[in-house]
Amino acid sequence: YVSQPSFTFSLQLYLLMSLFNDWKSSPSNKSSTQNPNDDIIICDPPNDSIQALQWSPNANLFACGSWDCTVNAYSLDSETGSSSKIFESLNDAPVLDVRWTLNGDGILSAGCDKIIKLWNVSQSAAPVPLVLGYHEQPIRKIAICSDGTRSTSTQIISAGWDKQLRFWDPQQTAAYHPHTHSASNTQSMYASHIKATHMISLNERVYDLDLQYPLLFLALANKKVIVFDVRNTHTPVKECVTLLKHQLRCIAAMPDGNGFAVGSVEGRCAIHYMKEDSEKRIKNFAFKCHRQQQNVYAVNALRFHVAQPSTLASAGGDGTVYFWDKDKKQKQKEFKRMHLPVTDCDFSFDGQFLAYSVSYDWSKGIEHFRPKLQKPQIFVHKLQSKTENV
């Protein structure tokens, strides 16, 4: 037999535990079942798959581009972990890449609308961008290049699915008014106002690129990597087939420019050096990653840590982020698996945070797309130290 006071206390305890469990499962709480790493959850994410994410070069701000045709920017309080959306713009087509300007005042975006836009972050109400360049096919990646000595030497680099690598002078701009021009004549309209300073025809489409001045690293659809010196692009300084056997997905330049990391759809990464040296143990190698039992997932993004050059972060279709030490050839850290693929990641300018986006990556096609269940999210992981001792 149970006395009435004990029963009442048990009922109250049960109700409190139920409320606590409901609080834990709330999407806005850090202890959510969809947040197994107990990281910071960014408020008000995009409504469709997130394609690109990048931190500001000088502040705790980051931008993302997504398939709902928006460019968004967020501010993060490093002390409290609270976040707020500070900018949003709507484009005519999905956004495939975003980049901050060197001073952190603006955001470059490009994608399926085939034009490069510059957005003023402080212009929050009905922002009107400037157009810096265009392609005949969707623009997959963009980069901002500067020698670090003169602001006038800055140039924009774009790579598209039209097999073109183009260089643009940001001083040549044109105002973009989406309500007055149709998408069909956008390229011809800007062709009369904006001219590329240089164009390179490639053998295949560019799937990813990274820049470590003065070297520009390109990952192509034919599984080749081409490296250009942006000071003299007439001939590549390196062109190679990597150790990976399947389609390349992402590439990251080493912070010292001595090589690159590349990832593929086969759940493998490769480390390649510009010059191998067996005596110094500088040798190319490949390793398996982002595999769950018998399933193999694509490597969606690679990033080197800004303060610890040997540390490489990889984000994959298995919903996991890994930290690797390329010099010791070992895994440093494995994040707990997310409920959706990790589509991109990036370290903050001071190396204190890693932001990563979680959303459907379309690897299983439209038949597995569940928009009501696969809500995109952005998380920020605070590193315990600049080298994340694990």
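Everything discussed here concerns the structure shown above.
Let me begin by describing the structure that accompanies this report.

A closer look at the state of the cysteines
Stage number 1. If you walk through the whole model with that rule in mind, you get 0 disulfides.
Stage number 2. Cys-250 carries a free sulfur, and the closest cysteine sulfur to it, the one in Cys-269, is 6.2 Å from it.
Stage number 3. Since its relative accessible area comes to 1%, Cys-250 is described here as buried.

Some words on the sheet that holds strand E10 (residues 139-145)
Stage number 1. Taken in spatial order, the 4 strands line up as E10-E11-E12-E14 in an open sheet, and their pairing is antiparallel. Only two strands of the sheet have a single partner each, and these edge strands are E10 and strand E14 (198-201). Neighbour-to-neighbour, the strand axes of this sheet turn through a mean angle of 15°, independent of strand direction.
Stage number 2. With 6 bridges connecting them, E10 and strand E11 (residues 155-160) associate as antiparallel partners. Looking across to E11, one finds that Cys-145 is bridged to Gln-155.

What to know about the packing of aromatic side chains
Stage number 1. Tallying each qualifying case throughout the model produces 16 aromatic pairs.
Stage number 2. The ring of Phe-285 has Lys-329 lying over it, and the distance from NZ or CZ to the ring centre is 4.6 Å.
Stage number 3. Across the ring face of Phe-335, the terminal group of Lys-333 is positioned such that the distance to the ring centre comes to 5.3 Å.

Remarks on the sheet that holds strand E15 (residues 206-212)
Stage number 1. The strand order E15-E16-E17-E18 describes an open sheet built from 4 strands, whose pairing is antiparallel. Bordering the open sheet on either side are E15 and strand E18 (238-241), each of which pairs with just one other strand. On average, each strand axis in the sheet is inclined to that of its neighbour by 15°, with strand direction left out of account.
Stage number 2. Sheet analysis places strand E17 (residues 224-229) next to E18, joined by 4 bridges and oriented antiparallel. Bridge pairing links Val-225 to Cys-240 in E18.

What counts and what doesn't
- Numbering of residues begins from 1 in every chain and follows the order in which that chain's sequence is written.
- Totals for whole chains, interfaces and linings use all residues, but because this is a predicted model, local features are given only for residues with pLDDT of at least 70 and pairs of side-chain atoms are given and counted only at 80 or more.
- Only hydrogens and water are removed before side-chain values are computed, so all heavy atoms of the structure are retained for them.
- Two cysteine sulfurs form a disulfide in these notes if their separation is within 2.5 Å.
- Only protein chains enter the accessibility calculation, which uses a 1.4 Å probe. A residue is then buried if its area is under 20% of the maximum for its type, exposed if over 50%, and partly exposed in between.
- For two strands to count as paired, DSSP must find a minimum of two bridges between them.
- Only DSSP runs of H or I covering at least 4 residues are called helices, and only runs of E covering at least 2 are called strands; the numbering of each starts at the N terminus.
- Lines fitted to C-alpha atoms define the axes, with helix axes restricted to the stretch in contact, and inter-axis angles between N-to-C directions lie between 0 and 180 degrees.
- Pairs were defined over the aromatic rings of Phe, Tyr and Trp, the Trp ring being its six-membered one, requiring ring centres within 6.5 Å. Orientation was assigned from the angle between planes: stacked under 30 degrees, edge-to-face over 60, tilted for the rest.
- Only when the NZ of Lys or the CZ of Arg is both within 6 Å of the ring centre and within 35 degrees of the ring normal is a charge said to sit over the ring.

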